[in-house]
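Coordinates in review
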Amino acid sequence: MELAKSFEPHAIEQHWYPRWEDAGHFQMGAVPDAEPYCILLPPPNVTGTLHMGHAFQHTLMDALTRYRRMQGDNTLWQPGTDHAGIATQIVVERQLDAQGISRHDLGREAFLNKVWEWKEVSGSTITRQMRRLGASPAWERERFTMDAGLSEAVTEVFVRLYREGLIYRGKRLVNWDPVLQTAVSDLEVINSEEAGSMWEIAYPLESNEGTLIVATTRPETLLGDCAVAVHPDDTRYQHLIGQRVRIPVADRLIPIIADTYVDPAFGTGVVKITPAHDFNDWQVGQRHALTPINIFTKDAQINEHCPAAYQGLDRFEARKKILAELDAQGRLISTKPHTLMIPRSDRSQAIIEPYLTDQWFMHMESLAKRGLEVVDNGQLKFVPENWTTTYRQWLGNIQDWCISRQLWWGHQIPAWFDADGRIFVAHTETEAQAQAGDDRPLRRDDDVLDTWFSSALWPFSTLGWPQDTWELKHYLPTSVLVTGFDIIFFWVARMVMMTLHFTDKVPFHEVYVTGLVRDAQGNKMSKSKGNVLDPIDLIDGISLEALVEKRTTGLMNPKQADSIAKATRKEFPDGINSYGTDALRFTFASLATHGRDIKFDLQRCEGYRNFCNKLWNATRFVMMNCDGHEIAPAATAQTFADQWILARQAQAITAIHEGYAAYRFDQTARAVYEFVWDEYCDWYLELAKVQIASGGAEAANTRRLLLDVLETTLRAAHPLIPFITEELWQAVRAVQTGHTETGTVMQAAFPSAGDSTAADALDELKSLTNACRALRSGMGLSPAQKVPLVIEGDAAVARYAPYLQALARLDSVSVVAQLPLEADAPVEVVGAYRLMLKIEIDPEAEKLRLDKEIARLANEISKSEGKLSNASFVDRAPAAVVDQERARLDGFKDTLAKVQGQRTRLD
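Overview of the structure. All values derive from a computational prediction rather than experimental measurement. (Residues numbered from 1 in each chain as written. Predicted model: local features only at pLDDT ≥ 70, side-chain atom pairs only at ≥ 80, totals over all residues. Heavy atoms only, no water.)

**Re the overall build of the chain**
Scanning the chain for helices and strands turns up 30 helices and 29 strands. Projected onto the principal axes, the alpha-carbon positions of the chain cover approximately 115 × 70 × 55 Å. Burial status across the chain gives 53% buried among its 907 residues. Sequence separation of 24 or more characterises 77% of the internal contacts of the chain that already satisfy a separation of 6 or more. Looking at the chain as shown, the accessible area adds up to about 39600 Å², and 48% of this sits on carbon and sulfur atoms. Averaged over its 94 positive side-chain charges, the chain has a centre that lies 3 Å from the centre of its 121 negative ones. (Helix = DSSP H or I, 4+ residues; strand = E, 2+ residues; numbered from the N terminus. Buried < 20%, exposed > 50% of the residue type's maximum accessible area, 1.4 Å probe, protein only. Contact = heavy atoms within 4.5 Å. Areas by Shrake-Rupley, 256 points an atom, 1.4 Å probe, with all protein chains shown as cover. Lys, Arg positive; Asp, Glu negative; His and termini not counted. Charge placed at Lys NZ, Arg CZ, Asp CG, Glu CD.)

**Thoughts on the packing of aromatic side chains**
Taken as a whole and assessed by the stated rule, the structure comprises 41 aromatic pairs. When the ring of Tyr 168 is compared with that of Phe 361, the centres are 5.7 Å apart and the planes differ by 20°; the resulting orientation is stacked. You can see Tyr 168 sitting in strand S5 (residues 167–177) and its partner Phe 361 sitting in strand S14 (residues 353–362), a full 193 residues away along the chain. Taken individually, Tyr 168 and Phe 361 each receive the classification buried, so the pair is uniform in this respect. Aromatic side chains Phe 489 and Phe 490 sit 5.6 Å apart centroid to centroid with 70° between the ring planes, which places their arrangement in the edge-to-face category. On the basis of relative accessibility, which here comes to 10%, the residue Phe 489 falls in the buried class. For Phe 490, a relative accessible area of 8% corresponds to the buried category. A connected cluster of aromatic rings, assembled from ring pairs, spans Tyr 67, Tyr 512, Tyr 660, Tyr 663, Phe 665 and Phe 750. Over the aromatic face of Trp 139 sits the side chain of Arg 131, whose NZ or CZ is 3.9 Å from the ring centroid. Over the aromatic face of Trp 677 sits the side chain of Lys 614, whose NZ or CZ is 4.6 Å from the ring centroid. (Phe/Tyr/Trp six-rings, centres within 6.5 Å; stacked < 30°, edge-to-face > 60°. Lys NZ or Arg CZ within 6 Å of the ring centre and 35° of its normal.)

**Considerations on the nonpolar core**
Ranked by internal contacts, the top residues of the largest apolar core, which has 128 residues, are Phe 600, Phe 665, Tyr 680 and Leu 835. The leading source of residues in this core is helix H23 (residues 665–693), at 15 residues. Once you skip the residues sitting within four places of it in the chain, Tyr 680 turns out to touch Val 622, Ile 645, Phe 675, Leu 685, Leu 706, Val 709 and Leu 710. Formed by 64 residues, the second largest nonpolar core is a distinct cluster that contains Met 364, Ile 403, Phe 417 and Ala 456. (Core = buried A, V, L, I, M, F, W, Y, C linked by side-chain atoms within 4.5 Å.)

**A short note on the pattern of salt bridges**
Tallied over the entire structure, the rule returns 54 salt bridges. Between Arg 108 and Asp 446 there is a salt bridge, and its shortest N-O distance comes to 3.9 Å. Residue Arg 108 is found in helix H5 (residues 108–122), and its partner Asp 446 is found in the loop between strand S20 (443–444) and strand S21 (448–449); the two are separated by 338 residues along the sequence. Given the relative accessible area of 17%, Arg 108 is considered buried. One network of salt bridges, in which partners are shared, links Arg 218, Glu 220, Arg 315, Arg 319 and Glu 353. (Salt bridge = Lys/Arg side-chain N within 4 Å of Asp/Glu carboxyl O.)

**Overview of unusual backbone geometry**
A cis amide bond, omega -5°, links Val 383 with the succeeding residue Pro 384. By secondary structure assignment, the location of Pro 384 is in the loop between strand S15 (381–383) and helix H11 (387–396). The omega torsion across Trp 465 and Pro 466 is 15°, close enough to zero to call that bond cis. Checked against the element boundaries, Pro 466 lands in the loop between helix H14 (458–461) and helix H15 (470–475). A positive phi angle, near 55°, is found at Ala 289, a position not held by glycine. With respect to the helices and strands, the residue Ala 289 is situated in the loop between helix H8 (279–287) and helix H9 (315–329). Phi at Tyr 663 takes a positive value of approximately 55°, unusual for a residue other than glycine.

**Remarks on the sheet that holds S5**
A sheet is described by the order of its strands in space; here 4 strands give the open sequence S6-S5-S14-S16, paired in antiparallel fashion. Of all the strands in the sheet, the pair left with one neighbour each is strand S6 (182–184) and strand S16 (401–402). (Pairing = 2+ DSSP bridges.)

**Notes on the environment of Phe 56**
Relative to the helices and strands, Phe 56 resides in helix H2 (residues 52–70). Once the C-alpha coordinates of Phe 56 and Arg 585 are considered, the two residues, 529 residues apart in sequence, prove to be 7.6 Å apart. Once residues lying within four places of it in the same chain are set aside, the contact partners of Phe 56 are Thr 514, Gly 515, Val 517, Phe 588, Ala 592 and Ile 598.

**What to know about the pairing of strand S28 (residues 827–830)**
Taken together, the 4 bridges between S28 and strand S29 (residues 833–837) define a ladder with antiparallel strand orientation. In the strand pairing of S29, Val 829 is matched with Arg 834. Hairpin connection from S28 to S29: 2 residues lie between these consecutive antiparallel strands, with Gly 831 at a positive phi of about 60°.

**A look at the sheet that holds strand S10 (residues 244–247)**
Here 4 strands make up an open sheet; going across it, the order is S10-S11-S9-S12 and the pairing mixed. At either end of the open sheet lies a strand with only one pairing partner, and these are S10 and strand S12 (271–273). The sheet shows a mean angle of 35° between the axes of neighbouring strands, direction not considered. Pairing geometry for strand S9 (residues 227–230) and strand S11 (residues 252–258), over 3 bridges, is parallel. Within S11, the position partnered with Val 228 by the bridge is Ile 256. (Axes fitted to C-alpha atoms, helices over the stretch in contact; angles between N-to-C directions.)

Here you go:
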């Protein structure tokens, strides 16, 4: 096979991926007695597109899957997507809004048909993008959380939990989105600091013998106050505990209670307790048996439980009116600026309202106990281990889970009500009707389950539960979950609890928690900051104008859009280059440390694109020197160079295995990079040229070794850079075997480490070569000028002579007992050897050259010392820059000493 002159990733990617998929190379392994290895893809939202976090994690999951597949394991990378209740419903509702239609105009069934239509058209975007990244999951097993099998599992779980008493319906406080008019999870609430106010309001005592000054940031909720609270040890108010105050405006009496929740140092040390509209107040209300009063409608207007003058007002209009009336009554004592955390809905941006409503809940305490036990006994491990603490904190302080949502898109709760409000939970309406015992009409609950409910079943529902399938027996527990730290509780912990409860197994043996991909400066990538990178753009490249348009489209603030456009043009004046999939994947792997943050720098992409070019050109060199030439049938390590390259490769393969075992993809990537670039390309290819030039059996053996080492390297690198390794492996195997039909590298055996005892065999030659190059550089010799080398020392060094001639561009190498005493040339010392280039020089001309070099170096030293003596530079410059300057100064001084030594010898 003839390789193209240059590496063109796009054509290679387009060629190989469909061939892999069509040939069934990604399919679930089912070889008898093979070790199972299973990874669950965290199901991305069906509405979504591939972002940098996805691309990063998918690269790591794919690398693990390819690695274990090549080791002969039965692999299953289980793919699928999540129905993403709120996100998907919003997308379709907005499409309808643009046509002047609401979902209520259509009705539930017709609206859901619209959602399914949209899903069929747009729902595969992210899986197409996964294919562009080279992902190799078992696509034939792709699941969707709303498909029939998974929906059956959801219903079965709900019914069982309800019958076990773990699911119940009750009135509780939830995060309420008044725009979407549904409860939302904590993960869907974004808390951000915003400027607000703190109002101090006077509540008159029932006796009219004074007032209590209450500090609040939400005066409109005083309409729902059920008490005012003080700390039991606060001596200012102890005499008032048990008395009552009158709510201004509402003219209602409420008790003064004592609770340790109150911070005496905050405000006046007196707080209003509104159990129906504050989560902390709810807890206080429960402790003191206060009856909560809900003052809002579902769209956050004042309801019938409040004075008529405020009913129907939006919550913030009611705030203005209440403050005005308080001021008129003389009850508004002060208004102070106050920065506070405002909770907003991630989807609608509406301010979240703690809201008292009937919801479905799940008891979590007993499930959490088992979830903690499996960490304690080692059945479940976190990598890095410190994330175990986060997991313990969540489960150790767990609350009951609100599992219902007021949406249409999702798993409709399998519960029916009769006219008397009795509840019948069943698998089907027929079963519910049978429970009711007569023909009374039943109405199904309109609510759907929280998206996280079906996601929590992912480890066993995707494997066929509640049926007792072969996959369930073979692949559960799965091997590892690769996920982000932000969903350890919302998803990871819930999968652990649910899987333990229904299968008595942990869902996975290990949880590898990745860092968060940030920009090169460590900032979180976001649309508002204008620093988002699209992984597909890094693969294909994108023009500057297209990038600017992508980053600014949809921004409502013109100044913000203009600022982002300017910053983008400054950062990417020529747009973004096409790096190809392999370079992007290698970049992700190289960044996958165990740290919390991943700083993504495009310069690394550039560097790893160069690495791919280096590997491509090295393979072309091997092909040109092997194809059509005599090749030994089997390689033997005949020379110290051969022994060395095999030993270094063995070390690299050991490091690669260790990296995968420890989820240190950065170490795996480094081992591949350093062996290919530093050892194979920079040294062995040059040494091989010498051995091939010798002809005969040594040349034939060297060609075989070149091919064998390269072929093994391509197998070792394949999980990280699948496309280029497949293309090159096909070419190398064709020469190795003489056949063009060679199978695929992804099903070839992953290499095992060999003997590494000769790993230091080249160290002496490397030192001698570097010494020769230092001599040439110090004497200012042209690269084209070949000169003789004289070595003082043992005759054994002569074995390096042919290699030194090629590597250091020498005319000849001679070994002597002692260097000429009268020689003026500089000398380098390597162990017991002294090296000198034998060259005729004009002493006076050389003195002038050295004097100029001494002057130049002295000037550089002066400038560097000036910088480092400047306190402003040392204090303000980044530490890395200061360290770099100190290293430059040391280098100048070292070089100056050597040049002055040469100048002294000439005198």
